[in-house]
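Tertiary structure, described
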Amino acid sequence: MSTRPETLDFLLDQIGTLPQVRTRRMFGEYCVYLHEKPTAFVCDDQLFVKITDAGRTLLARPVYGQPYPGAKDYFLLRPDEWEDREALCDLLAATAQALPLPKPRQSRAKVGR
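It should be emphasised that the depicted structure is a prediction, and the values quoted were computed from it without experimental measurement. The residue numbering used here restarts from 1 in each chain and proceeds along that chain's sequence as written. Confidence filtering applies because this is a predicted model: local features only for residues at pLDDT of at least 70, side-chain atom pairs given and counted only at 80 or more, and all residues used for totals across whole chains, interfaces and linings. Computation of side-chain values: all heavy atoms of the structure, hydrogens and water removed.

A separate point is the pattern of salt bridges. Should a side-chain nitrogen of Lys or Arg be within 4 Å of a carboxyl oxygen of Asp or Glu, the pair is scored as a salt bridge. Per the stated rule, a full pass over the model turns up seven salt bridges. With its nearest N and O atoms 3.1 Å apart, the salt bridge here joins Arg56 to Asp53. Residue Arg56 and its partner Asp53 are located together in helix 2 (residues 53-58), separated by three residues, close to a single helical turn. Among the residues examined, Arg56 registers a relative accessible area of 35% and is labelled partly exposed. Here the residues in one salt-bridge network are Arg4, Glu6 and Asp45, joined through shared partners. Working definition: helices are DSSP H or I runs of at least four residues, strands are E runs of at least two. Numbering for both runs from the N terminus. For every residue, the accessible area obtained with a 1.4 Å probe (protein chains only) is divided by the maximum for its type, and the residue is called buried under 20%, exposed over 50%, and partly exposed between those limits.

The subject of this paragraph is the side chain of Thr95. Note on placement: Thr95 falls in helix 3 (residues 85-98). We call two residues in contact when some of their heavy atoms are within 4.5 Å. With residues up to four places along the chain from it excluded, the contact list for Thr95 reads Thr39, Val49, Lys50, Thr52 and Gly55.

Paired strands, in this sense, are two strands between which DSSP finds at least two bridges. Here strand 1 (residues 21-26) runs beside strand 2 (residues 29-34); their pairing, made up of six bridges, is antiparallel. When the sheet's bridge partners are listed, Arg22 is paired in strand 2 with Tyr33. The hairpin formed by strand 1 and strand 2 contains two residues between the paired strands, and Phe27 there has a positive phi angle of roughly 55 degrees.

Set out below in structure tokens:
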């Protein structure tokens, strides 16, 4: 089962107050970026947030899951847990702040040399 468009629309509405939010389709699902940092995945109508100490302090009882087979664990939030907009935004903002900026990708011309 893949993520329904209305699920992604609801998530984006909930986190729309966060600055520099964007999504990108990946692996048939979606990656959520905050400040150009890949912070979470939306897969099968569930939100998988990268695990950080900052995020762990905001979750009373973290649940873990994998967005796809063979992936490392992430915090798992089902759509019914997205109702608290403030808590969701706080979790994503704290997670993004704790993550390093991604390393710049090399151009394909340099990779083949």
